[in-house]
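# Observations on chain architecture
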Amino acid sequence: ELRDLLGHFDTGKTQVEGSVGILSSRYRLIGVDLTDLGSLQAQLQQAGINKSQPSLFLSECVLTYLAAERSSAVIEWTARTFHRSMFVTYEQVYPIDGFGRVMMRHFQGRGSPLKSITSFPTPVDQEKRYKSLGFDMSEAFDMMHFYHEILDMAERNRIRQLEPFDEFE
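The shown structure was predicted, so the numbers you read here are calculated from the model rather than taken from an experiment.

### Topic: the side chain of R129
Locating R129 in the fold gives a position in helix α5 (residues 123-132). Nearest to the buried, unbridged R129 among oppositely charged side chains is E91, at 6.7 Å. Apart from residues lying up to four places away in sequence, R129 is in contact with A68, S71, S72, I75 and F120.

Pasting the structure below:
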């Protein structure tokens, strides 16, 4: 089923030159150093990106590991390069509450510090960040807001039945 959605894989071209990736007739996955925007642009062009098409950028726990100026450069480049784009970001927030302090120590102890979380510690800071870097609209909220204010009761009840969860902060 997934193979049908992705389309035919060109086994002779499974990578974009100079990167790690997967290419199919409908899907392109490339690995690239986000701190090198020139390489990012070149790899996307080589993969056949069409900047005039609506584009979705999904960043799940990625930007916070980059220094603030580097992660902001990625956001700004995206807004400037793709005029019909949406940037969906799922990142850690609130580094100074109880859970946040434990989280910060955990990642620091693993040698993988959250480098930009203190520059943009709240959802409001994230909203301002995206607007200041070129996005016309920005909306940010934490998962507690999402759970209690956006999900309906039926979905919350369904989730509660999946497995116990003990990390509510």
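This is not the end of the story, as more comes after the structure.
### Remarks on the pattern of salt bridges
As enumerated under the stated definition, the model contains one salt bridge in all. Note that E155 is salt-bridged to R158, the shortest N-O span being 2.8 Å. On the criterion of helical spacing, the pair formed by E155 and R158 is a turn pair, its members being three residues apart in helix α7 (residues 153-162). Overall, the relative accessible area of 26% leaves E155 in the partly exposed class. Judged by its relative accessible area of 44%, R158 is partly exposed.

### A word on the pairing of strand β3 (residues 55-60)
Going residue by residue along β3, you find S55, F57 and S59 tucked away on one face and L56, L58 and E60 left uncovered on the opposite face. Note that β3 and strand β4 (residues 85-90) share six bridges and pair parallel. Directly across from S55, in β4, lies its bridge partner S85.

### Description of the packing of aromatic side chains
With the rule as written, the count across this model stands at eight aromatic pairs. Plain terms: the ring middles of Y65 and F107 are 5.8 Å apart, the flat faces sit at 85° to each other, and that makes the pair edge-to-face. Taken together, the residues span a long stretch of sequence, with Y65 in the loop between β3 and α3 (68-81) and F107 in helix α4 (residues 98-109) at a distance of 42 residues. Residue class for Y65 comes out partly exposed when judged on its relative accessible area of 23%. Each ring, one from F141 and one from F146, has its centre 6.1 Å from the other, and the planes form 10°; the classification is stacked. The partly exposed category is assigned to F141, whose relative accessible area is 34%. Site record: aromatic cluster; members linked through ring pairs are F57, W77, F82, F87, Y130 and F135. The ring of F120 carries R129 above its face, with NZ or CZ at 3.8 Å from the centroid.

Conventions used here
Residues numbered from 1 in each chain as written. Predicted model: local features only at pLDDT ≥ 70, side-chain atom pairs only at ≥ 80, totals over all residues. Heavy atoms only, no water. Helix = DSSP H or I, 4+ residues; strand = E, 2+ residues; numbered from the N terminus. Buried < 20%, exposed > 50% of the residue type's maximum accessible area, 1.4 Å probe, protein only. Lys, Arg positive; Asp, Glu negative; His and termini not counted. Salt bridge = Lys/Arg side-chain N within 4 Å of Asp/Glu carboxyl O. Contact = heavy atoms within 4.5 Å. Pairing = 2+ DSSP bridges. Phe/Tyr/Trp six-rings, centres within 6.5 Å; stacked < 30°, edge-to-face > 60°. Lys NZ or Arg CZ within 6 Å of the ring centre and 35° of its normal.

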